[in-house]
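# Notes for the structure review
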Amino acid sequence: MMNKFWRGRIKWRLAAVALLAAALALAAGCREEEASLDAVQPPESSAAASEPEAYSRSAKPVGIRIGFKIPDSHLMAGDSNDNNPVTRYLESITNIRISHYWEAKGEEAYSQRVRMAVDSRDLPDAMVVDREQLERLINGGMVEDLTEVFNRYGSSLVKNMYRSTGNQVLEDASRGGRLYGLPNVALQADSATLLWVREDWLGRLNLSPPETLDDIERIARAFVERDPDGNGKRDTVGISGYRNIVYGQKPHINGFDSVFNAFGAYPGNWVRDSRGEIIYGSVAPEAKQALARLADWYKRGLIDPDFPLYQETQEPIVASKAGIFFGPWWMPYFPLSDAVRTNINAEWRAYAAPLDAEGRFIIHSAPATDRFLVVRKGYEHPEAVVKLVNAFTRLERRQDPNEAAKTLDDFSAKTGIQPRAYYPFDLLIDYADAIETHYADLLQALHGKIDPGKLEPEARLLYDKWNLESAQPKKDLEGWKAVNAYKYGVGVLASTPSVRVRSVFYGVTASMPGKWSELQRMENEAFLKIIVGDSSLEEFDRFVKEWEISGGAQITEEVQQAVPVDMVGKLR
């Protein structure tokens, strides 16, 4: 059978030589060729000449009011969200004073605050928005055209990172050849949802690692019934969950997206079905099959009974109550670092599971970008926004030559706070294949293939942390985060054959602005009720009909018309 074949190939503890070969092959295949940035990218020589302006300190103080998403961190006494070591450092090198026009805690609250700002046309000088909000802002004439500003002040580092996506991110942020937002870059590695499991519990109960849906079910039942933490109480849960069920385009903590993927369903995404027709993945028949499986798991107590009630979805993970959850490769950064801080004996490992019926690990590729930094129409210093992006991107990539930048390492070591939590804008910019490349370079250095001194700054830092973690496990939690994310998260991705599914459409159609939010609410409610047993499985068919009548059919037709005939969205 196919599953047996894949079991022979997919090894969860690979030999170092095999890991190295897999990672090198992956990195070689992932690096995109460089391409021109068309209307918004000057020639390379011009980009190099613009570096003094990209990092220059403004002659006079410049003020900027932003919309800010409050992180899950606790600053030291005397510091505030807009006055802390990170903001003070950025101001010292740019002469740009950041103040918060408004703040919102958490992704949902921030998104709501942005919608309010757009609806009222009362915008901060700059803020990060999603694709639909960008469309509304452009159509409403509320944001600045950044084409010339970015050409002049954008750093070569940022421009090269945009180039690594084949310019897709800039195209997504442009209309009519004009740039209206600075996009983030969605890392290729971030597309995959892995299964994270308490490895110490597996060992204590003598359980074999998971591959299939049946394996996950077997382990979850054992975690619920067999006292894996050894405290003599039945107080552990199997699978942790997210109350909105799926994330859709970009995975995060506790989403059940990969369960749907294993059935050939891609909720929240526009894909081609087996007949080549464009459909919305949430209303596909395969989605009903996935819901049936999840509802059965919930009914039998394998999924945390309280998962819809948590204010913060990671609560049972951090409290050492959950033994299984779904999430991307970077989960050791959060929430597993908090989980290990709570219970130093907790050991978590990542697995490429579940496989589908044919034994394949399916990854739905995320869009090249999903958020955009916009500047209010009429703001006098749009170049300040570009300069701040240049500054914190260089800092994030550990290429900042200023000695004062090292003080932020001390700040992080003392508080456990990643400096990026207090960057003015939640806008990650990197090379699209950065994670795979760092991992391949790291393994070469660890195995003596290259001189560690020749590693790029980020890879060298990871190399040093790896050696420290190997010598003193969990001594430095900051080092533990990075090492475990790469060793187990990226390591599994590098060593596991996978099949990627790509969406055919990420844009906004004419009918979406007035209808999409309600359609999503309807979808989330239907999925949750089916899983927790408040509705029968047949409710899915009623949901599909209501979804179509309420605008889904019209939007589907608009998407079908918007996608080029030769666009491919099948399995690759």
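Just above sits the structure.
Residues numbered from 1 in each chain as written. Predicted model: local features only at pLDDT ≥ 70, side-chain atom pairs only at ≥ 80, totals over all residues. Heavy atoms only, no water.

### Section: the pairing of strand β2 (residues 96-105)
- As paired strands, strand β1 (residues 62-70) and β2 are joined by nine bridges and run parallel to one another. By the bridge assignment for β2, Ile66 is matched with His100. (Pairing = 2+ DSSP bridges. Helix = DSSP H or I, 4+ residues; strand = E, 2+ residues; numbered from the N terminus.)

### What to know about the pairing of strand β11 (residues 322-327)
- Most of β11 sits inside the fold, with six of its six residues counted as buried.
- Two strands pair when backbone bridges link them, and strand β7 (residues 194-198) and β11 are joined in this way by four bridges, in the antiparallel orientation. Paired with Leu195 across the two strands is Phe326, which belongs to β11. (Buried < 20%, exposed > 50% of the residue type's maximum accessible area, 1.4 Å probe, protein only.)

### What about the packing of aromatic side chains?
- Tallied over the entire structure, the rule returns 19 aromatic pairs.
- Note on Phe256 and Phe326: the rings are 6.1 Å apart at their centroids and 70° apart in plane angle, and the pair reads as edge-to-face. Linking Phe256 in the loop between β8 (237-239) and α13 (257-262) with Phe326 in strand β11, this pair joins segments that are 70 residues apart in sequence. Here Phe256 and Phe326 have matching classes, each one buried.
- Taken together, the ring pairs connect Phe256, Tyr298, Phe307 and Phe326 into an aromatic cluster.
- The ring centre of Tyr101 lies 4.5 Å from the NZ or CZ of Arg65, which sits over that ring. (Phe/Tyr/Trp six-rings, centres within 6.5 Å; stacked < 30°, edge-to-face > 60°. Lys NZ or Arg CZ within 6 Å of the ring centre and 35° of its normal.)

### With respect to unusual backbone geometry
- With omega at 15°, the peptide bond leading from Phe334 into Pro335 counts as cis.
- For the bond running from Ala353 to Pro354, omega is 5°, close enough to zero to count as cis.
- Unlike most non-glycine residues, Asn167 shows phi in positive territory, near 70°.
- Positive phi, normally seen in glycine, also occurs at Arg398, with a value near 60°.
- Examined against the element boundaries, Arg398 turns out to sit in the loop between α17 (382-396) and α18 (406-415).
- Taking relative accessible area as the criterion, Arg398 reaches 33% and is therefore assigned partly exposed.

### Some points on the pattern of salt bridges
- One pass over the structure, following the stated rule, counts 46 salt bridges.
- With a closest N to O distance of 2.8 Å, Asp145 and Arg178 form a salt bridge. Here Arg178 lies in strand β5 (residues 178-179) and Asp145 lies in the loop between α7 (131-139) and α8 (147-153), a separation of 33 residues in the sequence.
- According to the relative accessible area criterion, Asp145 is partly exposed, its value standing at 22%.
- The salt bridge partner of Asp370 is Arg371, with a shortest N-O separation of 3.8 Å. (Salt bridge = Lys/Arg side-chain N within 4 Å of Asp/Glu carboxyl O.)

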